[in-house]
Every structure is written in structure tokens, then in C-alpha cells.
Amino acid sequence: MPAGKRLILMGPPGGGKGTQAKRLQERFGIVQLSTGDMLRAAVIAKTDVGMKAKAIMDAGKLVSDELIIAMIEQRIDSADCNNGFILDGFPRTVPQAKALDGLLVSKGIALDKVIEVTVPDAMLIERITGRFTCKKCGEGYHDKFKQPGRAGICDVCSGTEFTRRADDNEDTVVARLQAYHAQTAPLMPFYKQRGLLEVIDGNRPMDDVTNDIERVL
Ligand code: AMP
């Protein structure tokens, strides 16, 4: 893949976007821009944005378009985005997609691909409620599908502290799925019409999904 790719990674919560985005970031040297990660950092830092977003995130609802668009506008202007980026978790609504269009036009750049990773709803609750990450390096694990090789010790960095997302519980997941189907799924026809959309079956081992994504790129 030539340098300078601009990608969107779409898919339901727990569908593996974050994992795949991290792999693409490493493989192609392009930056992962995760609005969820940015918001979680803002919540921890107790910034104005974080204070506004926390209750909405805990309820599994979507943070306002205005706030998200301002956040992305600022981030995409950073020098590390010049070589390309993977948008992970953005856009999530039609107004966000339109704002992104305007932003890219103003910068004279275009999207290369929109990748939708699909996973049936029934699989997502189990995937989400079992996941946890290493506090030190961020490596992702799962109670059932991917335990560390040695219990309580991260395979990657030997860290011994792990964390779970506040919104990775069953009640919030249902709300997050509803938001996805009602507000984000309508974006697929929007990108399909433009010939940008590639649909990948995400209900398979992670490496198979990665291979398929790399193939379409
Ligand atoms: P994620 O890590 O992508 O699952 O996002 C976690 C939560 O952050 C979501 O459930 C929303 O509350 C919020 N969020 C992240 N990205 C967006 C976005 N593009 N638009 C609105 N809310 C968002």
C-alpha cells in the first residue's frame, strides 16, 4: 500500500475495530484516530470535554456531533496525520460524515476506503463483556477467547495490572448497539454509493480478518 492512505474503519461496538486499527497502524505507519480513546483520555484528565462526555458514554449513547467534530478537526491537523490515518469510531452519524467530507475537501485530501467489519449482534455482547486490557501497554485480552499465557501477566510487556472499560457491561452494550443500528448503520449506503465501501466478515479469527482487510487495501 502506498503511503498516504486515509481510511475509515466501521463496525459495531466489540466488532474488533480497535484491534484491527492498531494492526494497520503498525503495518502501514498510518495513525489510528479513535474518538473513543480520545474521549476516554479526556474523561481521565477531567477536561471540559471529558466532563461533558462521561455520563453520555456511561449510558452507551452518542456524544454530540459538535463536540466530536471539533475534536477530530483539531486532531487531523497534527503533523503525524500527514502520512495518512485510520478513523476508528468516527464518523458515527450522518452529520459527522458530512462534516468529515467538508474537512477533507478543505484540506484537499480524499478517503481511500471505508472498511465495514460486520459481526452479528448475538456475538457482540459476549465479546464486549469479557474483554480487558493491559494497563501498561494496552494489549487486549478476553476472559474466554484470549487469556494471557501466564495468568495475570501481560504477554507483551509483562505488566500485571489490567483494566476494563466502564461501558463494557451488558446494559450499556445494548444501548451502544441500538445507537449503532439507528445512527451509524445508515452511513454504509452513503459510502457504498461512492464506491468506497468494503465489507469484511468480522466473525472469524482476528488474523483472518486482518488478512482480508490488507487484501482489499
Ligand atoms: P468506542 O470506544 O468507539 O466504542 O466509543 C466509546 C463511546 O464514546 C461511545 O459509546 C460514545 O459514547 C462515545 N463516542 C466515541 N466516538 C463517538 C462518535 N464518533 N460520536 C459520538 N460518540 C462517540
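See the structure above.
Residues numbered from 1 in each chain as written. Predicted model: local features only at pLDDT ≥ 70, side-chain atom pairs only at ≥ 80, totals over all residues. Heavy atoms only, no water.

A.B. asks: What is the right way to read the pattern of salt bridges from this model?
C.D. replies: Close approach of charged atoms allows side chains with opposite charge to pair. In the structure shown here, the tally under the stated rule is 20 salt bridges. Of the charged contacts in the structure, one is a salt bridge between Arg164 and Asp143, with a shortest N-O distance of 2.8 Å. Separated by 21 residues along the polypeptide, Arg164 in the loop between β7 (162–163) and α7 (170–184) and Asp143 in the loop between β6 (140–142) and β7 bring together distant segments of the chain. Judged by relative accessible area, Asp143 falls into the partly exposed class, the value being 35%. Salt bridges linked by common partners bring Arg131, Arg165, Asp167, Asp168 and Arg176 together as one network. (Salt bridge = Lys/Arg side-chain N within 4 Å of Asp/Glu carboxyl O. Helix = DSSP H or I, 4+ residues; strand = E, 2+ residues; numbered from the N terminus. Buried < 20%, exposed > 50% of the residue type's maximum accessible area, 1.4 Å probe, protein only.)

A.B. asks: Mind showing me how you'd approach the environment of Pro95 here?
C.D. replies: Here Pro95 shows up in helix α5 (residues 94–107). By relative accessible area, which is 44% here, Pro95 ends up partly exposed. On a C-alpha basis, the gap between Pro95 and Ala179 in space is 14 Å, while along the polypeptide they are 84 residues apart.

A.B. asks: Got a minute to help me understand the packing of aromatic side chains in this structure?
C.D. replies: Within a pair of aromatic rings, the relevant descriptors are the distance that separates the centres and the angle that separates the planes. Counting across every chain of the model gives 4 aromatic pairs. Seen from their ring centres, Phe190 and Tyr191 are 5.0 Å apart, and the 85° between their planes marks the pair as edge-to-face. Across this residue pair, the class does not change: Phe190 and Tyr191 are buried. The rings of Phe132, Tyr141 and Phe162 are connected pair by pair, giving a single aromatic cluster. (Phe/Tyr/Trp six-rings, centres within 6.5 Å; stacked < 30°, edge-to-face > 60°.)

A.B. asks: What is the right way to read the site of the ligand from this model?
C.D. replies: Around the ligand, a shell composed of 16 residues is seen, among which Thr35, Arg40, Lys61, Gly89 and Gln96 lie nearest. A distance of 2.9 Å separates a nitrogen atom of the ligand from a polar atom in the side chain of Gln96. Computed on the free molecule, the ligand has an accessible area of 490 Å², of which 96% lies beneath the protein chains in the complex. Looking at which element gives the most residues to the shell around the ligand, the answer is helix α2 (residues 35–45), with 4 residues. Its residues assigned to classes, the shell around the ligand shows 6 nonpolar, 4 polar and 6 charged. (Near = heavy atom within 4 Å. Polar contact = N/O pair within 3.5 Å; in protein donor to acceptor, adjacent residues only side chain to side chain. Areas by Shrake-Rupley, 256 points an atom, 1.4 Å probe, with all protein chains shown as cover. Nonpolar A, V, L, I, M, F, W, Y, C, P; charged D, E, K, R; others polar.)

A.B. asks: Honestly, the nonpolar core in this entry has me stumped. Any pointers?
C.D. replies: Leu100 and Tyr191 are the most contacted members of the largest nonpolar core, which totals 31 residues. For this core, the elements supplying multiple residues, two or more each, are β1 (6–10), β2 (31–34), α2, α3 (48–58), α4 (65–76), β3 (85–88), α5 and α8 (187–192). Per-element accounting of this core gives the leading share, 5 residues, to α4. Among all residues touching Tyr191, those that are not within four sequence positions of it are Ile8, Met10, Pro91, Ala97, Leu100, Leu111, Val114, Leu196 and Leu197. Core analysis: the next-biggest nonpolar cluster, separate from the first, contains 14 residues, Phe28, Ile30, Ile213 and Leu217 among them. (Core = buried A, V, L, I, M, F, W, Y, C linked by side-chain atoms within 4.5 Å. Contact = heavy atoms within 4.5 Å.)

A.B. asks: Any chance you could explain the environment of Gly4 here in plain terms?
C.D. replies: Its location among the elements puts Gly4 in the segment before β1. When neighbours within four sequence positions are excluded, Gly4 is seen to be in contact with Asn83, Gly84 and Asp112.

A.B. asks: What am I meant to see in the pairing of β2 here?
C.D. replies: Each regular strand shows side chains that alternate between the opposite faces of the sheet. Alternating residues of β2 divide into Val31 and Leu33 and Gln32 and Ser34, and every residue in both groups is buried. Both β2 and β3 contribute to a ladder of 4 bridges, which runs parallel. Pairing of Gln32 across the sheet is with Ile86, part of β3. (Pairing = 2+ DSSP bridges.)

A.B. asks: So what exactly am I meant to see when it comes to the packing of α4 against α5 here?
C.D. replies: Helices that pack against each other are described as a pair by the angle of their axes relative to one another and the distance between those axes. Between α4 and α5, the least distance of the axes is 10 Å, while the angle of their chain directions is 25°. Classified by the angle their axes make, α4 and α5 are roughly parallel. Between α4 and α5 lies a crossing of right-handed hand. When α4 is examined against α5, the residues Asp65, Ile68, Ile69, Ile72, Glu73 and Ile76 are found in contact with a partner set consisting of Pro95, Gln96, Ala99, Leu100, Leu103 and Lys107. Its residues placed into classes, the contact of α4 with α5 shows 8 nonpolar, 1 polar and 3 charged. (Axes fitted to C-alpha atoms, helices over the stretch in contact; angles between N-to-C directions. Parallel < 35°, antiparallel > 145°, perpendicular 65-115°, else oblique. Left-handed = near helix turned anticlockwise from the far one by under 90°.)

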